[in-house]
Amino acid sequence: MEKINTNYFLEAEGLILGYHKAAPISQQPIYFKIPFQSVTALVGLNGSGKTTLIKSLIGESVLIDGSLKCFSHSIQSLSERDLSGLIAFVPQEPVYPSNLKVKHFLELAFLPQSHLFGKLPSIESTDCSILLNSLNLIHLLNKTLNAISSGERQRIFLAFAMLRKAPLIVLDEPTNHLDIQASRGFWKSLMHAKSTRPMEILISTHDLNFVEKECDWVLALKNGNLFFSGPKSVFFSEKWDEKMISTEG
Amino acid sequence: MKNKFLSSALGLGFIFVLVLLLFCGGERLSIRALWNFNDPYSIDHHLLWSLRIPRLILVFGIGGALAMLGATYQILFHNPLAEPYLLGVSSAVTLGIVISETLLGWAALTPQAFGMGFLFALSVITILILCYYWKTIKNMERIVLFGMGVNFVFSSALFILLSYHNQSNGGGSLRWLFGNIPWLNLNQSMVFISLVLPLCFTLWILGRYLDGLSLGDSMARTLGFSPSRMRTFLLVLTSLLLTVITSISGAIGFIGLVVPHAIRLWVQPPSSRYLLGLSFLIGALFLCLSDSLSRALLPPLEFPIGIVTTLLGGPLFLYLLWKK
């Protein structure tokens, strides 16, 4: 892995998204570059390819064509271990063993760094209690994952991603199943988490209010193709949001 | 501090019970046999070193490994009803051995019969892994269905063979259907346990990745390992372990399914490693107890062990379920 200094943390060149070579989702190759130090919103209607792009980014689905570079490393050439050092992930619908306690779940965030024969560090003994305190989650540590509300659970998954200390956090529609109040709580936690250390955030969402308020960069997909990539201000001032929703072209 | 005290007390109790079980069985064994090495030809010495100790070692390994396998499959397949015999590997082993017994005239527990069972198991594992890799089998539910299919085919073949064979010749092969623990000598038991323990230890070490897998494939991937490769490895490892066990004892039911659940009800395991480790110990203890009971109840009769485990464990499990 050679490290080249650029001003972009994520670069796509001639990217074709899809699950099978025979039926690609994108008709045209995708090119974009996203600058450092940004909260990037990945927007688009359902089926526009948001989740596919995210799955390509974490190496779960192969790229049909083109290249995707994360911090100047080509995703295809990264092993899972390399990847775990770069990306932390918050899934859309969390899967978890239902009677696992929150603190034991959070300990799993240290799995990549831990020695195979050793123990995972305990949440209470490490400095993560500061983070958990600031996210207002410390009272949940002894509850099981199925005994807390969806909003709390999603914030626990955010805390999990933060504990990974990766330079990029990818969130796949994290507020999809949350009510308005829980969504607000989640966004607040996210912005607070971001303020604790410098990192990149890529977040796919339908919540354009949040995009307008907190994001810096917008990546819009439509029918599997790139529709818009640019600063948030341009996205909203040129009414790309309305064009994205409209059915023609 | 209190925790350490408790666990060492439990550990000591565990060993004590195991030693106690040596004196439980069809024949009376005086406690002096433990330190009486002077007379290697005495009945006590023979009873202890040629029968009871090898048997205990064997049963310990089988019980522990079965409970551990059950726990692993329950996590791996996200299925609370998963048990060690899910994938059809055990019915393949059984069929291989019964074929060698009935058609080829090689008795069970001979190297040829083992080889045959191993060959059958290996072919099932290979087909399974190839299907998984070529994406013919896309997800874990499909693997379970594949196992069900294999189980149906092989057990019906087994029934045909056994019913044909039993009419012309005693009923010896029937024990493969219910599970039965054979009498091995000390060397054989040691070979068995030295195969089983390393496999179990590897499985226990990989318990951490089971935790990762239980969070879904995307999460597993960003936790630094390939979920499909890890799953393949786990399937091969567990199948090997199961092959070793079933080729000795046939399919002993109940333990693999219920012991992990009883542990989940009893304590809330903080991690898969914890669950796997405890499953091994409790499973081993439980099968040793059941085995001693099966021999001590109506000597010299020996109850089929599967019936005793169910009789003993069923009510215990219902009690745990009711209490929580």
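Since we're looking at a predicted model, the values are computed, not measured.

1. Description of helix α13 (residues 305–323) of chain B
All names here are of chain B.
Moving on, step 1. In this model α13 runs 27 Å from its N-terminal to its C-terminal C-alpha over 19 residues, within 8% of the 27 Å that 1.5 Å per residue would give.
Moving on, step 2. At glycine 313, α13 shows its largest kink, close to 30°, and the proline proline 315 lies no more than four residues downstream.
Moving on, step 3. Residues Ile305, Gly306, Val308, Thr309 and Gly313 constitute the buried set of α13.

2. Observations regarding the environment of B:Ile125
All names here are of chain B.
Moving on, step 1. Mapped onto the elements of the fold, isoleucine 125 is located in helix α4 (residues 111–133).
Moving on, step 2. Sequence-wise, isoleucine 125 and valine 89 are 36 residues apart; in three dimensions their C-alpha atoms are separated by 7.1 Å.
Moving on, step 3. Ignoring anything within four residues of it in the chain, the contact list for isoleucine 125 reads Val89, Val236 and Ser239.

3. Brief notes about the sheet that holds strand β5 (residues 73–74) of chain A
All names here are of chain A.
Moving on, step 1. Spatially, four strands are ordered β2-β1-β4-β5 in an open sheet, and the strand pairing comes out antiparallel. The open sheet has two free edges, formed respectively by β2 (30–35) and β5, since each of these has just one partner strand.
Moving on, step 2. Pairing of strand β4 (residues 65–70) with β5, which is carried by two bridges, proceeds in the antiparallel orientation. Bridging across to β5, lysine 69 finds its partner in serine 74.

4. Digging into the sheet that holds strand β10 (residues 225–231) of chain A
All names here are of chain A.
Moving on, step 1. The strand order across the open sheet formed by six strands is β6-β7-β8-β3-β9-β10, and the pairing between neighbours is mixed. Each having just a single partner strand, β6 (87–90) and β10 make up the two edges of the open sheet. Each strand axis lies, on average, 15° off the axis of its neighbour in the sheet, ignoring direction.
Moving on, step 2. Bridge count between strand β3 (residues 39–43) and strand β8 (residues 200–204): four bridges; the pairing is parallel. Paired with threonine 40 across the strands is leucine 202, a residue of β8.
Moving on, step 3. The sheet contacts of helix α1 (residues 50–57) involve β3, β7 (168–172), β8 and β9 (217–222), and relative to β7 the element is tilted by about 145°.

Definitions and limits used
Residues numbered from 1 in each chain as written. Chains lettered and ligands numbered in written order. Predicted model: local features only at pLDDT ≥ 70, side-chain atom pairs only at ≥ 80, totals over all residues. Helix = DSSP H or I, 4+ residues; strand = E, 2+ residues; numbered from the N terminus. Expected span 1.5 Å × (residues − 1). Bend = angle between axes of the 7 residues up to and from the residue. Buried ≥ 20, exposed ≤ 12 C-beta atoms within 10 Å, placed from the backbone. Contact = placed C-beta atoms within 7 Å. Pairing = 2+ DSSP bridges. Axes fitted to C-alpha atoms, helices over the stretch in contact; angles between N-to-C directions.

Remember that the coordinates give geometry; whether it matters functionally is a separate question.
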